[in-house]
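# Residue-level structure breakdown
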Amino acid sequence: MSSPTSSRLSRTRRWVGKGDRRVLALTLPIILSNATVPLLGAVDTAVVGHLDSPHYIGAVAVGALIFSYVFWSFGFLRMATTGLAAQAYGRRDPNGVRAVFARAALIAVTAGLAVMVLQWPIIELAMALIQPTAAVEAAARDYFHVRIWASPATLMQYCMLGWLLAMRDARAVFIFQVVLNSLNMVLDILFVQGFGWDVKGVAGATVIADYSGVMLGWFLMQPHLKRLGGTWRGIGIFDRTQLARLMKINGDIFVRTMALTSAFAIFTSFSARFGEVTLAANAVLQNFLMFGSFALDGFAHAAETLVGQAYGAERRKQFLWAVRKTTIWAIASAVVMAAIFGLAGPWIIDGLTSIPEVRDASYSYLLWAVMLPITGVLGFQFDGVFLGAMQTKHWRNMMLLSVAIYAGMAWGAVVVDSNHLLWASFNAFFLLRGVTLAVLFPTIIPDRRIATV
């Protein structure tokens, strides 16, 4: 007869088997490293949230939105790098793995320099579209004109992070993110609380951390380059067929990313129309989405890597296993996140801001932020699946459809002057992302469509 202890161990092994441990070994370091990203956003909010006016919170929110829009228009540098490098790795093509990074890095440096050159029209267009109050606009401009100098480094980091994910090096991803964001947070506090540089201190901290991150990323890539073998010579960086494929994929990802960033821009812009306090409250509550996304992104990144390698090797069974395992764990983590937010929400808000009116407004809309992990989990997860398979056409089209529906709902919220309806439309947008991709998932399973883009 088995003992109670052995029975419990047996049940645990049924629920967390070898395959689950493989997924968690890849995912947990990514989750822990991703946790530093929303923590950095929370520190950004907190260091200015304890200054003497809510307009500083709004300024950082507006400035961060502009850079999200600009930088994530080049989000394909991270996404395409992971998918393409994972597929080349699955085909056992070391020069192909190197070539994927080289092409992405060339685009990153060129684009980063172009962004710096075009900084004046970017900020003028952004302010014309967002239309913040005068105080928020002045501070947001200060933030923008400092952080813009990090552009090449920020984009290069996308390439490095995407490449390390494709190599399934969760440890390196963990080190990269933790060191980079920890440095940023320390400099945040030093520059704002220590030197009194307000929003310019937040931006300056990011610039220094980003260039430091590039040096660290290159160092972390070296063991994989040695292990892979191959050489930088003769990798065919300008191969016409591969460039054409890359441009098509990048074009789809660019359109999809601009649509996603536009959804966040709509939310921030429409929040500003409800006044400085509501804008600040919504910015505080958006940190809950960042906190929730660090777990959901971890499983999505795991899906992207495992699906990409299975797709490159044309292994249907391995493909379906990767989708199933990562999705089950993602849904479980979303439920846990929502429960934590529901219980600890007021304390989180109090930690992010000490301004009484912003706190009160945040409490009023807290439930909507609590729901975001549940409404968003399928969208995050199928993002990883479709990216790993490099099936970017469907991925792009479903995002455009979801944003179009959301934009109509959000405009209705402004018309009826309801921030609750704005939050409801935001949740509906995340739900639509997942549902539309889930409907199309059967069309991308290997053996039905292999190695197409």
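Residues numbered from 1 in each chain as written. Predicted model: local features only at pLDDT ≥ 70, side-chain atom pairs only at ≥ 80, totals over all residues. Heavy atoms only, no water.

## Overview of the overall build of the chain
The helix and strand tally for the chain stands at 17 helices and zero strands. Dimensions along the principal axes, computed over C-alpha positions, put the chain at roughly 65 × 55 × 40 Å. The buried share of the chain, reckoned over its 453 residues, is 58%. Sequence-distant contacts in the chain: of pairs separated by 6 or more residues, those separated by 24 or more amount to 85%. Here the chain contributes 36 positively and 23 negatively charged side chains, and the mean placements of these two sets differ by 19 Å. (Helix = DSSP H or I, 4+ residues; strand = E, 2+ residues; numbered from the N terminus. Buried < 20%, exposed > 50% of the residue type's maximum accessible area, 1.4 Å probe, protein only. Contact = heavy atoms within 4.5 Å. Lys, Arg positive; Asp, Glu negative; His and termini not counted. Charge placed at Lys NZ, Arg CZ, Asp CG, Glu CD.)

## Some points on a nonpolar patch on the surface
There is a patch of nonpolar side chains on the surface, built from Trp411, Val415, Val416 and Leu421 and spanning about 390 Å² of accessible area. We classify leucine 421 as partly exposed; its relative accessible area is 33%. (Patch = residues over 30% accessible without salt bridge, like charges linked within 9 Å, V, L, I, M, F, W, Y side chains within 5 Å. Areas by Shrake-Rupley, 256 points an atom, 1.4 Å probe, with all protein chains shown as cover. Salt bridge = Lys/Arg side-chain N within 4 Å of Asp/Glu carboxyl O.)

## Structural notes on the confidence of the model for the chain
In this model, the chain carries a mean pLDDT of 83, and residues with pLDDT of at least 70 account for 91%. Note that residues 8-15 has pLDDT below 50 and, in this model, one contact with residues that lie over four places away or in other chains. Here residues 449-453 is a poorly scored stretch, pLDDT under 50, and it has 15 contacts once near neighbours within four places are set aside; other chains count. (pLDDT = per-residue confidence, 0-100.)

## Examining helix H12 (residues 276-312)
Note that an α-helix has 3.6 residues per turn; residues three or four places apart therefore point the same way. Helix geometry: H12 is bent most strongly at serine 293, by close to 35 degrees. For H12, the tally of buried residues reaches 33 of 37 residues, placing the bulk of the element in the interior. (Bend = angle between axes of the 7 residues up to and from the residue.)

## Describing the packing of helix H4 (residues 76-90) against helix H11 (residues 240-272)
Where H4 contacts H11, the axes come no closer than 9 Å and their chain directions differ by 135 degrees. Comparing their axes, H11 and H4 come out oblique. Note that H4 runs across H11; the crossing there is right-handed. On the side of H4, the interface is formed by Phe76, Met79, Ala80, Leu84 and Gln87, while H11 contributes Arg245, Leu246, Ile249, Asn250, Ile253, Phe254, Arg256 and Thr257. Residue composition of the contact of H4 with H11, by class: eight nonpolar, three polar and two charged. (Axes fitted to C-alpha atoms, helices over the stretch in contact; angles between N-to-C directions. Parallel < 35°, antiparallel > 145°, perpendicular 65-115°, else oblique. Left-handed = near helix turned anticlockwise from the far one by under 90°. Nonpolar A, V, L, I, M, F, W, Y, C, P; charged D, E, K, R; others polar.)

## Observations regarding unusual backbone geometry
Even without being a glycine, aspartate 198 presents a positive backbone phi close to 40 degrees. As for its placement among the helices and strands, aspartate 198 is situated in helix H10 (residues 198-228). Owing to a relative accessible area of 22%, aspartate 198 belongs among the partly exposed residues under this scheme. One non-glycine residue with positive phi stands out, namely aspartate 417, at about 55 degrees. Locating aspartate 417 in the fold gives a position in the loop between helix H16 (392-415) and helix H17 (419-440).

## Some points on the nonpolar core
Grouped together as the largest cluster of nonpolar side chains are 146 residues, with contacts concentrated most on Ile66, Leu77, Trp163, Phe319 and Val385. The leading source of residues in this core is H12, at 17 residues. Apart from the residues lying within four places of it in its own chain, the contact partners of valine 385 are Ala303, Val307, Phe319, Val323, Phe441 and Ile444. (Core = buried A, V, L, I, M, F, W, Y, C linked by side-chain atoms within 4.5 Å.)

## Structural notes on the pattern of salt bridges
Tallied over the entire structure, the rule returns eight salt bridges. Aspartate 383 is the salt-bridge partner of arginine 256, the closest N and O atoms lying 2.7 Å from each other. Of this pair, arginine 256 sits in helix H11 while aspartate 383 is found in helix H15 (residues 366-388), placing the two residues 127 residues apart along the sequence. Judged by relative accessible area, arginine 256 falls into the buried class, the value being 3%. A relative accessible area of 10% means that aspartate 383 is categorised as buried. Put simply, Glu124, Glu137 and Arg141 are held in one network by salt bridges that share partners.

## Quick word on the packing of aromatic side chains
In the structure shown here, the tally under the stated rule is 22 aromatic pairs. If you follow arginine 433 out to its NZ or CZ, it ends over the ring of phenylalanine 380, 5.4 Å from the centre. (Phe/Tyr/Trp six-rings, centres within 6.5 Å; stacked < 30°, edge-to-face > 60°. Lys NZ or Arg CZ within 6 Å of the ring centre and 35° of its normal.)

## So, the side chain of arginine 433
Relative to the helices and strands, arginine 433 resides in helix H17. Owing to a relative accessible area of 5%, arginine 433 belongs among the buried residues under this scheme. For arginine 433, the contacting residues outside a window of four places in its chain are Arg256, Leu260, Gly379, Phe380, Asp383, Met399 and Ser402.

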